[in-house]
Amino acid sequence: MDRPCPCHSGHAFAACCEPYLSGAAIAPTAVALMRSRYAAFREGAADYLVATHHPSARAADERAELQRSIAGTDWVNLVIVDTQNGSEGDAKGDVEFVAAFRQKRPAIALGAVPAPEVGQMHERSFFVREDGRWLYVDGEQLPAYRAKRNDPCWCGSGRKAKQCHG
């Protein structure tokens, strides 16, 4: 049985983001690219992250920086909050999302020390479609996201927001 997709879509990895990460397919929408980029962070696919970042926005040491980020972060949940455009016929799209994460602890710190606090990255990402491919351009950091009281919490705990990070 195939494992669930790390992007939290509810689909199997093989039928969701894996074809994008492997190069077998290209993301057809800005949301699909957003989800696949999140999955790439979870899977450690720095090359995919570089390849799907618009060339005009790439840093010279981007791959090395991504590898450091991947090595130091456990991404635990993704919530797509809103999308503007970004469908197959569009040239631009915006995706607002909340990604929950924990900083990894050094191996020597494991044991009786409690797990690191869960944090969030709330961002509106901007995408463009060039030559039939969606590319991430950049993002705008947004204030901390608050889910509605009875909605599932953004952190992925499975509890309602009012019982968690409400």
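For the structure given in this document, a descriptive report is provided here. (Residues numbered from 1 in each chain as written. Predicted model: local features only at pLDDT ≥ 70, side-chain atom pairs only at ≥ 80, totals over all residues. Heavy atoms only, no water.)

**A look at the overall build of the chain**
- Secondary structure summary: the chain contains 4 helices and 4 strands in total.
- Secondary structure elements in the chain, listed N-terminal to C-terminal, are α-α-α-α-β-β-β-β.
- Computed over the C-alpha atoms, the radius of gyration of the chain is 16 Å, within 12% of the 15 Å expected from 2.2 N^0.38 for a compact globule of 166 residues.
- C-alpha atoms of the chain, sized along the principal axes, occupy 50 × 40 × 35 Å.
- Split into buried and exposed, the 166 residues of the chain put 37% on the buried side. (Helix = DSSP H or I, 4+ residues; strand = E, 2+ residues; numbered from the N terminus. Rg over C-alpha atoms; globule rule 2.2 N^0.38 Å. Buried < 20%, exposed > 50% of the residue type's maximum accessible area, 1.4 Å probe, protein only.)

**A word on the packing of aromatic side chains**
- Tallied over the full model, the rule gives 4 aromatic pairs.
- Their ring planes at 75° and their centres at 6.3 Å tell us that Tyr38 and Trp75 sit as a pair that is edge-to-face. Within this pair, whereas Tyr38 is found in helix H2 (residues 30-43), its partner Trp75 is found in strand E1 (residues 73-85), the two being separated by 37 residues in sequence. Across the pair, Trp75 and Tyr38 agree in class, each one buried.
- Here a set of aromatic residues connected by ring pairs shows up, and it is made of Tyr38, Phe41, Trp75 and Phe101. (Phe/Tyr/Trp six-rings, centres within 6.5 Å; stacked < 30°, edge-to-face > 60°.)

**Notes on the pairing of strand E3 (residues 119-130)**
- In this structure, strand E2 (residues 92-103) lies alongside E3, joined through 10 bridges in antiparallel fashion. Opposite Ala100, over in E3, you have Gln120 as the bridge partner.
- As defined by bridge partners, E3 adjoins strand E4 (residues 133-141) across 8 bridges and the pair is classed as antiparallel. Its bridge partner being in E4, Glu130 is matched across the sheet by Arg133. (Pairing = 2+ DSSP bridges.)

**Here's the deal with the pattern of salt bridges**
- Counted under the stated rule, the structure contains 6 salt bridges.
- Across the pair Lys104 and Asp74 runs a salt bridge, and its minimum N-O distance is 3.9 Å. You can see Lys104 sitting in the loop between E2 and E3 and its partner Asp74 sitting in strand E1, a full 30 residues away along the chain.
- Where salt bridges share partners, they join Glu96, Arg124 and Glu140 into one cluster. (Salt bridge = Lys/Arg side-chain N within 4 Å of Asp/Glu carboxyl O.)

**Some words on the environment of Arg37**
- For Arg37, the location among the structural elements is in helix H2.
- When neighbours within four sequence positions are excluded, Arg37 is seen to be in contact with Tyr48, Leu49, Thr52, His53 and Tyr136. (Contact = heavy atoms within 4.5 Å.)

**Considering the side chain of Glu62**
- Note on placement: Glu62 falls in helix H4 (residues 62-72).
- For Glu62, which is buried and forms no salt bridge, the nearest opposite charge comes from Arg58, at a distance of 4.9 Å.
- In contact with Glu62, other than residues within four places in its own chain, are Val50 and His53. (Lys, Arg positive; Asp, Glu negative; His and termini not counted.)

**Focus: H4**
- Inspection of H4 places Glu62, Leu66 and Ile70 among the buried residues, and these make up the whole buried set. For H4, the buried positions fall inside an angular range of 70° around the axis, keeping them on one side. (Arc of directions from axis to C-beta.)

**What about the nonpolar core?**
- Cys17, Leu21, Met34, Tyr38, Tyr48 and Phe127 are the most contacted members of the largest nonpolar core, which has 32 residues in total.
- When residues of this core are traced back to their parent elements, those giving at least two are helix H1 (18-22), H2, helix H3 (46-51), H4, E1, E2 and E4.
- With 8 residues, H2 is the largest single contributor of residues to this core.
- With sequence-adjacent residues up to four places away left out, Tyr38 is seen in contact with Pro6, Cys7, His8, Trp75, Val76, Asn77, Leu78, Ala99 and Ala100.
- Core analysis: the second largest hydrophobic core is formed by 9 residues, Ala100, Tyr145, Cys155 and Ala161 among them. (Core = buried A, V, L, I, M, F, W, Y, C linked by side-chain atoms within 4.5 Å.)

**Quick notes on the sheet that holds E1**
- In spatial order, the strands read E1-E2-E3-E4; together these 4 strands make up an open sheet with antiparallel pairing. In the strand order of this sheet, the two ends are held by E1 and E4, each with one partner. For this sheet, the mean angle separating the axes of adjacent strands, direction not counted, is 30°.
- The sheet strands contacting H2 are E1, E2, E3 and E4, and the helix crosses E1 at an angle near 170°. (Axes fitted to C-alpha atoms, helices over the stretch in contact; angles between N-to-C directions.)

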